[in-house]
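# Tertiary structure, described
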Amino acid sequence: MSIRVTRRGFFKLGAAGVASSSMAMMGFAPEAAAASVRQFKLTHTRETRNICTYCSVGCGVLIYSRGDAAKNAHQQIIHIEGDPDHPVSRGALCPKGAGLLDYVKSPSRLRFPEVREPGTSEWKRISWDEALTRIARHIKTDRDANFVTTDEQGNTVNHWATTGFLAASASSNESGYLTHKVVRSLGMVAFDNQARV
Amino acid sequence: MTNHWVDIRNADVILVMGGNAAEAHPVGFRWVTEAKEHNNATLMVVDPRFTRTASVADYYAPIRTGTDITFLGGLIKYLIDNDRIQREYVLNYTDAALLVDEAFGFEDGLFDGYDESRRSYAKENWRYQTGADGFVLRDDTLRHPRCVFQLMRAHYDAYTPEMVSSICGTPVDRMLHVWEQMASTATEDRTLTILYALGWTQHSIGAQIIRTAGMVQLLLGNIGLPGGGVNALRGHSNIQGLTDLGLLSNQLPGYIAAPAATEQSLASFLDARRKMPTVADQVSYWQHMDAFFISLMKAWYGERAQADNDWCYGWLPKLTQPLYDVLDTFERMSRGEIYGYFCQGFNPLAAIPDKNKVSKALAKLKYLVSIDPLNTETAEFWRNAGEFNDVDPSEIQTEVFRLPANSFAEDEGSIVNSARWLQWHYVAADGPGESMPDTHIIGALFHRVRELYAREGGAFPDPILNLAWDYKQPERPEADEIAREFNGRALADIRDPNGVLVRRAGEQLSGFAELRDDGSTLSGCWVFAGAWTEQGNQMANRDNSDPYGNGQTLGWAWAWPANRRILYNRAAARPDGTPWAPRKALIWWNEAQSRWVGADVPDFPANSPPALGQMPFIMNPEGVGHLFAGQSMNDGPFPTHYEPFESPVPEGNLLFPRKEKVKNNPAARIFDADRAMLGDWQEFPHAATTYRLTEHFHYWTKHSHLNAVVQPEQFVEIGEALGNELGIRAGDWVKVSSRRGYIRAVAVVTKRIRAITVGGRIVHQVGIPIHWGFLGQARKGFLANTLTPSVGDANTQTPEYKSFLVKVEKDDADHGGER
Ligand code: SF4
């Protein structure tokens, strides 16, 4: 009896609860012995498809997280690796992609809204409500004071040039589209993303 | 990219120039290796440094930074003089035969119509001649003195190998070898691909460098074919998507230029953008501009956008100046004219040239908002970090907010890779603390602003109060809702010209052919139409099969436009519809089925028979590729050599010696304050260029432990000759200064970066990797943009990061202990 089981296929069988030892006895051995080690690490994890956030090759990644799917139980990301099915990357990642887990877990990740008040030298934690309320007020105050209805040539322009916005070219299309819709409708013109630089 | 990552494997010759793919796009570069291994491809690198890509290349030629137009312009002359062009392609698929206005001219480095006081051209004569029928005139013998081919030949006549060598510093024999290899692809059965990146864009002549590459590829007949194309290897993971969505001061979604102040009526706006065919029977797809734009207005303003109010055209902001780009914005900010600034995943203190100028400008803001997964130098521009950021917080009155955004791993949605593939990704876990997706942050903020305007009124509230916002939870728009909106849907039953129903009201559109100009469709970005259809989310497709065995995996993700993988692919077949060569077959005409078939989705009307004579460049009114750029560029219809704004050549522009006016790009904008900060070659004798390293991504990965470990410390790369001259050995400390500031770093002295001879004089080159700053897990360092000049490309305003002047000195100060 010879049935070829790929490493990932074997992992899925394992995750489904079939004991690997009896699998081996029945001749369902995976091609790489290392699979049993990997299976151990990733058993009971959830696999999520994603794309590397760094460069525009757009390598496929699989993110493994742990924590049952029950409400209020947070998933913890424990491992990220290349997606072997991806036609460009075929499971490979470069040194940047290989470090994705450390980016997700970086001590520099922001956790809460904060403000640095004028003239001070530290951050102060504030609530989302306070942050959004204060920023919305800044927007309105500046926009109302500096909105240009007609330019010097007498053309109707309806624009606002005294607040600018730099958008993120690592964020999703959905974020980009929504941002554009809002920024343009506020009348903002000093609007760019990293494509400019 | 006109083509895509996997398609690189189909190339016979690969030129990497203005980029370093092995270092910056390592996994994509595997397809170059594949082409070498299995397609017997030749890889050539032309670069100021002997890069990681050069180290695995078949051939390397050095070049002085910023002189790429000269190198490629010389190649154009070489191809013409030696008759190494793909004649049938050039005659049929390019504008070589078209006649140009008699008044168009070029003399002493300037095109006609130059206005020195405004540093711009009138452009009115930069156009083709038209006949009585309104169509463009042509001469198929290519001998007419006003045809594009002859004008182009005359333009590059001075670009002899000797002249090119004296400007570029490339030895003549190396140059000729590269040219000869490229010329070998003028045959019907061979293709060349050109891979470039920011080494081409970040110059005051950047856009024209890329155009020169496009001209070369048209002359060689390499656009539209497998293994061909002009391929931008873009930077950030979704910089392509944000470009497609038009998040730029002068753009709307889908490559629609934003309205100018002079375009007061909707009619004038549409007339300027609706392109009707200028050669009989051509496709000229921009003729459907009205449908694209009106569908966008329906997506943004919903029921309020109606024919009798010009679809709310008046609500869009109009531009009084051509661009409000970042260089302009920071100039205005430094003059105290900007009050607020939002940085969403953007770190301008590190990314905009002349860090000291940027820092002083930010200090004049009333408020600054950073929306980011990470802490950034910009959010902490007020923090004193010693020599790395020498500011006094007590003097900085800017109110700074930082809002925690989710990272890719905690966010759902699509991103567009360099190959125009929209790939969907899913949430793996919650973000840390109270972090939120960008869509929720923007949604919540907009919702607050809208409430304020509803309650209090204020300046021009209409577009705010009436913005279409029918997301289930107004403060939390979800990715799938937004993706469906940018794809678009029918608002009424849609019928074809024969009255056949193609789409019912409420259904998702299957593509942009279903868009209408009567308000019966909405679509937030016409080029993305087809991404989320009635069949569901095409961006999540996951079939990697490759039925033709040539790398076109149409079932994996979804590529714009219309899932076409190679742009202009009609050009992969002869005018009669048969492939140029069996090994380059991609799509071809099937007479029995009366349609185009093959491995890719035709980038062409599927049922247009070859006999009709429609040509492959369907976005151009002439149907052909442009060797002559007409009025589309600010700095001339033919790319021309100009020196970087900081040039190491005392004589200036060697093509036009002693003509100060044309030393640098005469149409590039530079602010007086920035011009005053330019250095000259006597004080700053070394030609510098910035670059990046495979272990790092801009200023993010210094926050990631693994990357900080493998590439921990800032360095500067100099050649052995300069090291010997200055007594600097590897590991010594150096101080590198420009007119704008200085950095200190460890010297790496290599054979990879060499002195070159320019105009008979030795010029040393210096390489400056960019990845350090005053925050993160890596050792603290200086932001490299402390050195770079604030001047941009004449068309895009992309800053000239790749060519500037510095002075390198040995730094004997004590750097022991904690730096
Ligand atoms: S793994 Fe490397 S090559 Fe692939 S997308 Fe990420 S940064 Fe780019």
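Residues numbered from 1 in each chain as written. Chains lettered and ligands numbered in written order. Predicted model: local features only at pLDDT ≥ 70, side-chain atom pairs only at ≥ 80, totals over all residues. Heavy atoms only, no water.

So, about the overall build of chain B. On a plain count of helices and strands, chain B comes out with 22 helices and 33 strands. Scaling as 2.2 N^0.38, a compact globule of 819 residues should have a C-alpha radius of gyration of about 28 Å, and chain B matches this with 27 Å. Judged by the C-alpha coordinates and their principal axes, chain B covers about 80 × 70 × 55 Å. Counting the 819 residues in chain B, one finds 67% classified as buried. For chain B, long-range pairs separated by at least 24 residues make up 70% of all intrachain contacts whose partners lie at least 6 apart in sequence. Of the accessible surface of chain B, which amounts to about 26900 Å², a share of 48% is contributed by carbon and sulfur atoms. Positive and negative charge centroids in chain B, built from 79 and 101 side chains respectively, lie 2 Å apart. (Helix = DSSP H or I, 4+ residues; strand = E, 2+ residues; numbered from the N terminus. Rg over C-alpha atoms; globule rule 2.2 N^0.38 Å. Buried < 20%, exposed > 50% of the residue type's maximum accessible area, 1.4 Å probe, protein only. Contact = heavy atoms within 4.5 Å. Areas by Shrake-Rupley, 256 points an atom, 1.4 Å probe, with all protein chains shown as cover. Lys, Arg positive; Asp, Glu negative; His and termini not counted. Charge placed at Lys NZ, Arg CZ, Asp CG, Glu CD.)

To continue, consider the overall build of chain A. Within chain A, the regular secondary structure consists of six helices and nine strands. When each of the 197 residues of chain A is scored for burial, the buried share is 57%. Taking the intrachain contacts of chain A between residues at least 6 apart in sequence as the baseline, contacts between residues at least 24 apart amount to 38%. Approximately 8000 Å² of chain A is accessible, and the part contributed by carbon and sulfur atoms is 56%.

Moving on to the interface of chain B and chain A. Contact residues are listed per partner, giving 170 residues for chain B and 118 residues for chain A. Where chain B packs against chain A, one counts ten salt bridges. With a closest N to O distance of 2.8 Å, R402(B) and E114(A) form a salt bridge. Where chain B meets chain A, there are 90 residue pairs in polar contact (both at pLDDT 80 or more). Top contributing element to the side of chain B that touches chain A by residue count: helix 17 (residues 438-456) of chain B, with 13 residues. Grouping the amino acids of the side of chain B that touches chain A by side-chain chemistry returns 92 nonpolar, 54 polar and 24 charged. As paired strands, strand 4 (residues 114-116) of chain A and strand 14 (residues 399-404) of chain B are joined by three bridges and run antiparallel to one another. Directly across from E114(A), in strand 14 of chain B, lies its bridge partner R402(B). (Salt bridge = Lys/Arg side-chain N within 4 Å of Asp/Glu carboxyl O. Polar contact = N/O pair within 3.5 Å; in protein donor to acceptor, adjacent residues only side chain to side chain. Nonpolar A, V, L, I, M, F, W, Y, C, P; charged D, E, K, R; others polar. Pairing = 2+ DSSP bridges.)

Do not read the predicted coordinates in detail wherever pLDDT is low. Overall, the prediction assigns chain A a mean pLDDT of 85, with 77% of residues at 70 or greater. Under a pLDDT of 50 for its full length, residues 1-35 of chain A has, in the predicted model, 34 contacts with residues more than four places off or in other chains. (pLDDT = per-residue confidence, 0-100.)

Below, the discussion takes up the packing of helix 7 (residues 161-168) of chain B against helix 8 (residues 172-183) of chain B. Residue and element names in this part refer to chain B. Viewed as axis vectors pointing N to C, helix 7 and helix 8 meet at an angle of 110 degrees, and their least axial separation amounts to 9 Å. It follows from the interaxial angle that helix 7 and helix 8 lie roughly perpendicular. Seen along the crossing, helix 7 lies across helix 8 with a hand that is right-handed. Here P161, V164 and S165 of helix 7 come into contact with helix 8, specifically with V172, M175, L176 and W179. (Axes fitted to C-alpha atoms, helices over the stretch in contact; angles between N-to-C directions. Parallel < 35°, antiparallel > 145°, perpendicular 65-115°, else oblique. Left-handed = near helix turned anticlockwise from the far one by under 90°.)

Here the focus is the packing of aromatic side chains. Residue and element names in this part refer to chain B. Counting across every chain of the model gives 56 aromatic pairs over all chains. Here the aromatic rings of F106 and F111 are separated by 4.6 Å at their centres, their planes lie at 50 degrees, and the arrangement is tilted. Classification of F106 as partly exposed rests on a relative accessible area of 29%. The ring of Y313 has K318 sitting right over it, with the charged end atom 4.3 Å from the ring centre. Over the ring of W560 we find R420; its NZ or CZ atom is 6.0 Å from the centre of that ring. (Phe/Tyr/Trp six-rings, centres within 6.5 Å; stacked < 30°, edge-to-face > 60°. Lys NZ or Arg CZ within 6 Å of the ring centre and 35° of its normal.)

Our focus in this paragraph is the pattern of salt bridges. Enumeration over the complete set of coordinates arrives at 54 salt bridges over all chains. Notably, a salt bridge pairs D83(A) with R542(B), separated by 2.9 Å at the nearest N-O pair. Taken together, the residues span two chains, with D83(A) in the loop between strand 3 (76-82) and helix 4 (100-104) and R542(B) in the loop between strand 22 (536-537) and strand 23 (558-559). When its relative accessible area of 2% is taken as the criterion, D83(A) is described as buried.

Turning our attention to the domain arrangement of chain A. Examined at the domain level, chain A breaks down into domain 1 (45-105) and domain 2 (114-193). The centre of domain 1 of chain A, based on its C-alpha atoms, is set 33 Å off from the matching centre of domain 2 of chain A. (Domains from an automatic or database assignment.)

Taken together, seven strands build an open sheet; the order of strands is 5(A)-4(A)-14(B)-13(B)-12(B)-8(A)-9(A) and the sheet is mixed. Taken across any chain shown, the strands that pair with only one partner, and hence form the sheet edges, are strand 5 (124-125) and strand 9 (191-193) of chain A. When strand 8 (residues 163-167) of chain A meets strand 12 (residues 340-344) of chain B, the two strands line up parallel, connected through four bridges. Residue pairing in the sheet places L166(A) in a bridge with C343(B) of strand 12 of chain B. Against the sheet, helix 14 (residues 326-334) of chain B makes contact with strand 8 and strand 9 of chain A together with strand 12 of chain B, and its axis sits at roughly 140 degrees relative to strand 12 of chain B, the strand it touches most.

In this section: the nonpolar core. Nonpolar side chains in soluble globular proteins tend to end up buried together. Counting 199 residues, the largest nonpolar core has F71(B), M152(B), M182(B), F293(B), W300(B) and F638(B) as its most contacted members. Ignoring sequence-local partners within four residues, the contact set of M152(B) consists of I76(B), I80(B), M215(B), L219(B), L627(B) and F638(B). (Core = buried A, V, L, I, M, F, W, Y, C linked by side-chain atoms within 4.5 Å.)

Residue and element names in this part refer to chain B. In this structure, strand 26 (residues 686-691) lies alongside strand 33 (residues 804-810), joined through three bridges in antiparallel fashion. Each residue of the ladder has a partner; that of A688, found in strand 33, is F804. Bridge count for strand 28 (residues 733-738) against strand 33 is four bridges, and the pairing is antiparallel. Along strand 33, the bridge assignment pairs V736 with V808.

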